[in-house]
Amino acid sequence: MLYLETRWGSLIPFARVADMLKEVLPVADSVNPETVRTHLYATAERIEQELGDERQLNLFEGSEEDWEQQPLPDGPITVGLDGGYVRAAHKQGWFEVIAGKSVVAFRRDDEGEVPSAKCFGFVQTYDEKPRRRLWELMKSQGMQENQQVVFMSDGGESVRRVQEYLHPFSEHLIDWFHITMRLTVLQQQTKALQEERPETGADVSKRLVSVKHLLWHGNAAEALARIGHLLMELSLVQARSAAAKKVADGLRDFETYIGNNREFVPNFGERRRQGETISTAFVESTINQVVSRRFVKKQQMQWTLRGTRLLLQTRTKVLNEELDGVFRRWYPKFRPQPKTWEAERKVA
């Protein structure tokens, strides 16, 4: 009963869960949306207690010599992080939820039962164990210290803090999607400038293309230099042109964005030629799956920080197909693990 409340409550509204339970079980009026919510939160709290303390920065077990002695690892792990927003209770606006996906490129043992992709989520500024949460998830995928790990994000400071120092040899990259998105907005802003000052607007648009080309090839320093020159030229006309001022303001924001992330700008062109990931586009569907479908889309409910944090943990357990294992560990007589076709064939 608790398992069904937790599983279904993680996927659909609590009221619908109560209705479904009354349809299939003789529970009469003893089950209502509030009891489903209470039981799910209690399950999530127990999961949280098992998580352990937050992982400290730069705290890695063993030495480089120990890591070199580890078996050959699986393929690289790529972790993508992005943010979504949830409506806050008591008409307090919205708050940010960070969600993402951890993907193992390939398994050296194709018969391994460890999933190659898992999702995670937590409430930004409220969750007390974001690094521990992400680290435990990667460990559950078989992460080793001698394995290549790549973190990709939109470049936001809050996201960077979560992924820093989680792995001794990790690589941290800003993703191409968010760079191009910002440049596209800037190009849209130049259209008004081109109508007002055709020559100036066309020149700004052309130079933004060159900035994009430089960033594609990982040359953040030269890109920042060209942005600086462009800002100096716009400063001469922005006092007499609202369109020029708007472009300049957007360009300054973009300059700050690239400046804060310049060390995380790789050679995207080279990565693309090598078949490596250059964008967190693979996380977009995860944001929708983890956050939007349950907390936002078609749901007018308002959420507390605590409630969102707890529901996120049971929801990701369900999506990662880990909830059954949690209940088997807690309750030894919980339903037996279903036999796989592979196991039945070995027995036969």
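Whatever comes next refers back to the structure up there.
Everything numeric in this text was worked out from a predicted model, so none of it was measured.

## A few points about the pattern of salt bridges
If charged atoms from side chains of opposite charge come close, those side chains can pair.
Stage number 1. Scanning the entire structure with this criterion turns up 23 salt bridges.
Stage number 2. Arg309 is paired through a salt bridge with Glu48; the nearest N and O atoms lie 2.7 Å apart. Remark: Glu48 occurs in helix α3 (residues 33-51) and Arg309 occurs in helix α13 (residues 305-319); sequence separation between them is 261 residues. Residues Arg309 and Glu48 agree in their burial class; the two are buried.
Stage number 3. Shared partners join several salt bridges into a network, and the residues in it are Glu48, Asp127, Arg133 and Arg309.

## Regarding the nonpolar core
Stage number 1. The biggest cluster of nonpolar side chains holds 31 residues, and the ones touching the most others in it are Ile179, Leu215, Leu234, Leu251, Phe254 and Ile258.
Stage number 2. Elements that contribute at least two residues to this core include exactly α7 (176-196), α8 (198-216), α9 (220-235) and α10 (242-260).
Stage number 3. At eight residues, α10 tops the list of elements feeding residues into this core.

## Considerations on α10
Stage number 1. Under the 1.5 Å per step criterion, the end-to-end length of α10 is 27 Å for 19 residues, consistent within 8% with the ideal 27 Å.
Stage number 2. Taken together, the buried positions of α10 are occupied by Ala243, Ala244, Val247, Ala248, Gly250, Leu251, Phe254, Tyr257 and Ile258.
Stage number 3. On its buried face, α10 is in contact with β5 (170-174), α7, α8 and α9.

## Notes on the side chain of Arg315
Stage number 1. Here Arg315 is to be found in helix α13.
Stage number 2. Among buried Asp, Glu, Lys and Arg side chains, Arg315 stands out as unpaired, with Glu322 the closest opposite charge at 13 Å.
Stage number 3. Within the structure, Arg315 has its side chain in polar contact with the backbone oxygen of Val290 (distance 3.0 Å).

## Concerning the sheet that holds strand β1 (residues 77-87)
Stage number 1. The strand order across the open sheet built from five strands is β3-β2-β1-β4-β5, with neighbouring strands paired in mixed fashion. Across the chains shown, the open sheet's two edge strands, defined by having one partner strand only, are β3 (117-123) and β5. Across the sheet, the axes of successive neighbouring strands diverge by a mean angle of 25°, strand direction being ignored.
Stage number 2. Sheet analysis places strand β2 (residues 94-104) next to β3, joined by seven bridges and oriented antiparallel. The residue bridging Ser102 from the neighbouring strand is Lys118, located in β3.

## Notes on the pairing of β1
Stage number 1. Within β1, eight of the eleven residues are buried, which leaves the element mostly enclosed by the surrounding structure.
Stage number 2. As paired elements, β1 and β2 share eleven bridges and run antiparallel to each other. If you follow Arg87 over to β2, its bridge partner there is Trp94.
Stage number 3. The hairpin formed by β1 and β2 contains six residues between the paired strands, and His90 there has a positive phi angle of roughly 60°.
Stage number 4. The sheet contact formed by β1 and strand β4 (residues 149-153) spans four bridges and is parallel. Looking across to β4, one finds that Thr78 is bridged to Val150.

## Remarks on the packing of aromatic side chains
Each aromatic ring pair is described using two quantities: the centre-to-centre distance and the angle formed by the ring planes.
Stage number 1. Overall, the coordinates contain ten aromatic pairs when judged by the stated rule.
Stage number 2. Measuring from centroid to centroid gives 5.4 Å for Tyr3 and Phe327, while their planes differ by 85°, and the two rings are edge-to-face. Of this pair, Tyr3 sits in helix α1 (residues 2-11) while Phe327 sits in helix α14 (residues 323-330), and the two are 324 residues apart along the sequence. Per residue, the accessibility class of Tyr3 equals that of Phe327, and both read buried.
Stage number 3. Ring geometry for Phe327 versus Tyr331: centroids 5.8 Å apart, planes at 35°, classification tilted.
Stage number 4. A relative accessible area of 34% means that Tyr331 is categorised as partly exposed.
Stage number 5. One Lys or Arg, Arg46, reaches over the ring of Trp330 and ends 4.1 Å from the middle of that ring.
Stage number 6. The ring of Phe14 has Arg294 lying over it, and the distance from NZ or CZ to the ring centre is 5.0 Å.

## A word on a negative patch on the surface
Stage number 1. A grouping of Glu64, Glu65, Asp66 and Glu68 is seen on the molecular surface, where their side chains present a negatively charged patch.
Stage number 2. Of note, Glu64 is situated in helix α4 (residues 64-68).
Stage number 3. What makes Glu64 partly exposed here is its relative accessible area of 47%.

## Remarks on the environment of Val149
Stage number 1. Within the secondary structure layout, Val149 lies in strand β4.
Stage number 2. The spatial distance from the C-alpha of Val149 to the C-alpha of Ile77 is 4.8 Å, given a sequence separation of 72 residues.
Stage number 3. With sequence-adjacent residues up to four places away left out, Val149 is seen in contact with Ile77, Met138, Met143, His167, Phe169, Ser170 and Glu171.

## Comments concerning the environment of Gln188
Stage number 1. Tracing the chain through its elements places Gln188 in helix α7.
Stage number 2. Overall, the relative accessible area of 46% leaves Gln188 in the partly exposed class.
Stage number 3. Residues Gln188 and Ser205, spaced 17 residues apart in sequence, show a C-alpha to C-alpha distance of 9.2 Å.

## What about α13?
Stage number 1. Here α13 is 15 residues long and its end C-alpha atoms lie 21 Å apart, about the 21 Å a rise of 1.5 Å per residue gives.
Stage number 2. Counting buried residues in α13 gives eleven out of 15 residues, a clear majority hidden from the surface.
Stage number 3. If you check which residues of α13 are buried, you get Gly307, Thr308, Arg309, Leu310, Leu311, Leu312, Gln313, Thr314, Arg315, Thr316 and Val318.
Stage number 4. Note on α13: the residue one or two positions beyond its end, Glu321, has a positive phi of about 60°.

Rules used throughout
- Residues numbered from 1 in each chain as written.
- Predicted model: local features only at pLDDT ≥ 70, side-chain atom pairs only at ≥ 80, totals over all residues.
- Heavy atoms only, no water.
- Salt bridge = Lys/Arg side-chain N within 4 Å of Asp/Glu carboxyl O.
- Helix = DSSP H or I, 4+ residues; strand = E, 2+ residues; numbered from the N terminus.
- Buried < 20%, exposed > 50% of the residue type's maximum accessible area, 1.4 Å probe, protein only.
- Core = buried A, V, L, I, M, F, W, Y, C linked by side-chain atoms within 4.5 Å.
- Expected span 1.5 Å × (residues − 1).
- Contact = heavy atoms within 4.5 Å.
- Lys, Arg positive; Asp, Glu negative; His and termini not counted.
- Polar contact = N/O pair within 3.5 Å; in protein donor to acceptor, adjacent residues only side chain to side chain.
- Pairing = 2+ DSSP bridges.
- Axes fitted to C-alpha atoms, helices over the stretch in contact; angles between N-to-C directions.
- Phe/Tyr/Trp six-rings, centres within 6.5 Å; stacked < 30°, edge-to-face > 60°.
- Lys NZ or Arg CZ within 6 Å of the ring centre and 35° of its normal.
- Patch = residues over 30% accessible without salt bridge, like charges linked within 9 Å, V, L, I, M, F, W, Y side chains within 5 Å.
- Areas by Shrake-Rupley, 256 points an atom, 1.4 Å probe, with all protein chains shown as cover.
- Charge placed at Lys NZ, Arg CZ, Asp CG, Glu CD.

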